[in-house]
Amino acid sequence: MTHRIDYTKVSPDGYRAFGAVYATLQKGSLPKALIDLVYLRVSQLNGCAFCIDMHTRDLTRSGLTLDKLVLVPVWRDAGTLFSQRERVALAWAETVTRVAETGAPDADYEAAAAEFNDKELADLTYAVGLMNAFNRFGIAFRSKPAAVAA
């Protein structure tokens, strides 16, 4: 994998704009750990090595157990290891990330709306959209994961 460009340096205004959304979400209505879990799952779905590495490290630093971390890709089969709120957030993240395939069905929306209030659901959807954008930057420009760059 050959790094292409550093989009953060060649287009700093665009990067800062995305960064402003990230900062807003960090101060928002949802716990950081939940957002980071969603970021990791979205990155796994998209295959962004840079973001998978980053969010795995973030979750590990925040105290997420190894047992839970390794089961993120198969969270549906992890029983009660993931809370109801986490399961609903992960399901919504998957349906929105795969929106071209899923169309974000009413049943998925209703499940998310039953667990999250309107503000939380909007923030969760912003988080999913933001990470999908960052994944595309990471993949398109071949951003190197910290584990590879070290």
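Parameters at a glance
Residues numbered from 1 in each chain as written. Predicted model: local features only at pLDDT ≥ 70, side-chain atom pairs only at ≥ 80, totals over all residues. Heavy atoms only, no water. Helix = DSSP H or I, 4+ residues; strand = E, 2+ residues; numbered from the N terminus. Buried < 20%, exposed > 50% of the residue type's maximum accessible area, 1.4 Å probe, protein only. UniProt positions renumbered as here; feature names shortened; annotations may be inferred. Contact = heavy atoms within 4.5 Å.

If you look the protein up in an unreviewed UniProt entry, it shows as Alkylhydroperoxidase from Bordetella flabilis.

Undergrad: Could you clarify how one ought to interpret unusual backbone geometry in this entry?
TA: In terms of backbone geometry, most residues other than glycine have negative phi values and most peptide bonds are trans. A positive phi angle, near 50°, is found at Ala 104, a position not held by glycine. Within the secondary structure, Ala 104 is located in the loop between helix 7 (99-102) and helix 8 (106-115). Residue Ala 104 is classed as partly exposed on the basis of its relative accessible area of 24%. Although it is not a glycine, Arg 142 sits at a positive phi angle of roughly 55°. By secondary structure assignment, the location of Arg 142 is in the loop between helix 9 (118-140) and helix 10 (146-149). Looking at Arg 142, the relative accessible area reads 26%, which means it is partly exposed.

Undergrad: Would you mind going over the UniProt feature "domain: Carboxymuconolactone decarboxylase-like" (unreviewed entry) in the protein with me for this structure?
TA: UniProt records the feature "domain: Carboxymuconolactone decarboxylase-like" (unreviewed entry) for residues 12-94 in the present numbering. For the annotated span residues 12-94, helix accounts for 71% and strand for 0% of the residues, and the straight-line distance between the end C-alpha atoms is 29 Å.

Undergrad: Explain the environment of Leu 40 to me, please; I cannot follow it from the model alone.
TA: If you trace the backbone, Leu 40 turns up in helix 3 (residues 32-46). C-alpha separation for the pair Leu 40 and Arg 16, spaced 24 residues apart in sequence, amounts to 21 Å. Residue contacts for Leu 40: discarding those within four places in its chain leaves Ile 52, His 55, Thr 56, Leu 59, Leu 69 and Val 72.

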